[in-house]
Protein chains: 2
Amino acid sequence: MGSIQGIKAVSAWTLAAALLAPTAAFSQDPNEGAVKARQAYMQLIQFESGPLFGMAKGDVPYDAEKAAASAANLQALTKYDGSGAWTAGTSKADMPGKTRAEAAIWEDMEKFGAAYMDMVAKIDVLAAQAGEGKDALTAAVSDVGRTCGGCHKPFRAKEF
Amino acid sequence: MGSIQGIKAVSAWTLAAALLAPTAAFSQDPNEGAVKARQAYMQLIQFESGPLFGMAKGDVPYDAEKAAASAANLQALTKYDGSGAWTAGTSKADMPGKTRAEAAIWEDMEKFGAAYMDMVAKIDVLAAQAGEGKDALTAAVSDVGRTCGGCHKPFRAKEF
């Protein structure tokens, strides 16, 4: 158990210093933190999807290597379990002006989860196909694009 | 090639509809997008680290399952390759008020990358130990905490 020995070797002061600085940044309202985490997650999904949609539409020249890298990154994001950020009490009704998440999410978490997993499945296909040519990319991107509405139509308000 | 057949079966209208909606959201300045992606990534790192630092400090009761889940999520985030968000021209000098990323990052990308990989390595240990008791968690969290400064001290400005 190297870790247990490790902790004994760490002086109390060093440990406090290592733990203190980050913790200061973390002290925020848990509900605000959850909303920010969700929005951050979607920001990354958008950031990685952008070039893929651009290539599929023909706005950006197809680049197999870049497409594969972005799709792999999208897939990596789906390995992040965001359920801890979808906590009760963080809907638009609870926190007006801060989130567009409809209370309907918590009334039908099964449907919400299934819609999310549909996106995950289509991103898995995209990750396999993105580097295999523009037609393969376009088909897979189109399938991913269609899953967006699975969550956004029933579960996301138009306005904050 | 199921994907190629798939694309033929998709009408032009359906494809356009599937691609159009997301693309609208993606049309932003690439440098702004890169900065937002970096900040989103750090937001998620913070969100998952918070409970772990809290448990290590004793502010939050140790919970093996929750600790393991947060640490696994942190590890999942490290599988995301953020290099596409650290593009040249996106330092604080380039975009004052928007980012705290010092130009020094692009002057010593090797040091920056090594500091990041140090965090990744310590998070790997944390992911293995977080569920193994409070002492093991605390040692691993402390090691992760010490890596924060590896990037933040030399490469992050105090103010935006």
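What counts as what
Residues numbered from 1 in each chain as written. Chains lettered and ligands numbered in written order. Predicted model: local features only at pLDDT ≥ 70, side-chain atom pairs only at ≥ 80, totals over all residues. Heavy atoms only, no water. Core = buried A, V, L, I, M, F, W, Y, C linked by side-chain atoms within 4.5 Å. Buried < 20%, exposed > 50% of the residue type's maximum accessible area, 1.4 Å probe, protein only. Helix = DSSP H or I, 4+ residues; strand = E, 2+ residues; numbered from the N terminus. Contact = heavy atoms within 4.5 Å. Phe/Tyr/Trp six-rings, centres within 6.5 Å; stacked < 30°, edge-to-face > 60°. Lys NZ or Arg CZ within 6 Å of the ring centre and 35° of its normal. Polar contact = N/O pair within 3.5 Å; in protein donor to acceptor, adjacent residues only side chain to side chain. Expected span 1.5 Å × (residues − 1). Salt bridge = Lys/Arg side-chain N within 4 Å of Asp/Glu carboxyl O.

**Observations concerning the nonpolar core**
- Of all hydrophobic cores here, the largest spans 50 residues; its most connected members are Leu 126 of chain A together with Leu 126 of chain B.
- Residue assignment for this core shows that the elements contributing at least two residues are helix H3 (30-57), helix H4 (64-78), helix H6 (109-129) and helix H7 (134-155) of chain A together with helix H3 (30-57), helix H4 (64-78), helix H6 (109-129) and helix H7 (134-155) of chain B.
- Contact partners of Leu 126 of chain B, with chain neighbours within four places excluded, come to Leu 52, Ala 71, Leu 74, Leu 137, Ala 140, Val 141 and Val 144 of chain B.

**Considering the packing of aromatic side chains**
- Scanning the entire structure with this criterion turns up eight aromatic pairs over all chains.
- Judged by centre distance (5.3 Å) and plane angle (85°), the rings of Phe 112 of chain B and Phe 155 of chain B are edge-to-face. Placement of Phe 112 of chain B in helix H6 and of Phe 155 of chain B in helix H7 is noted, with a sequence separation of 43 residues between them.
- Look at Phe 155 of chain B and you get buried, because its relative accessible area is 4%.
- Through successive ring pairs, a cluster of aromatic residues spans Trp 86, Trp 106, Phe 112 and Phe 155 of chain A.
- It is Arg 38 of chain A that lies over the ring of Trp 86 of chain A; its NZ or CZ is 4.4 Å from the centre.

**Points about the side chain of Thr 90 of chain B**
Residue and element names in this part refer to chain B.
- By the element assignment, Thr 90 lies in the loop between H4 and helix H5 (104-107).
- Since its relative accessible area comes to 0%, Thr 90 is described here as buried.
- A polar contact of 2.7 Å, which involves the side chain of Thr 90, links it to the side chain of Arg 38.
- Excluding anything up to four places from it in sequence, Thr 90 contacts Asn 31, Ala 34, Val 35, Arg 38, Met 95, Thr 99, Ala 101 and Trp 106.

**With respect to H7 of chain A**
- In a regular helix each residue adds 1.5 Å, so 22 residues correspond to 32 Å; H7 of chain A covers 32 Å between its end C-alpha atoms and thus fits that length.
- Turning to H7 of chain A, its buried residues are Ala 136, Leu 137, Thr 138, Ala 139, Ala 140, Val 141, Ser 142, Val 144, Gly 145, Thr 147, Cys 151 and Phe 155 of chain A.

**Considerations on the pattern of salt bridges**
- One pass over the structure, following the stated rule, counts eight salt bridges over all chains.
- A salt bridge links Asp 118 of chain A to Lys 122 of chain A, with the nearest nitrogen and oxygen atoms 2.6 Å apart. Within this pair, Asp 118 of chain A and its partner Lys 122 of chain A are both found in helix H6, separated by four residues, close to a single helical turn.
- With a relative accessible area of 31%, Asp 118 of chain A lands in the partly exposed category.
- Classification of Lys 122 of chain A by relative accessible area gives partly exposed; the value is 26%.
- The salt bridge partner of Lys 57 of chain B is Asp 59 of chain B, with a shortest N-O separation of 3.7 Å.
- We classify Lys 57 of chain B as partly exposed; its relative accessible area is 34%.

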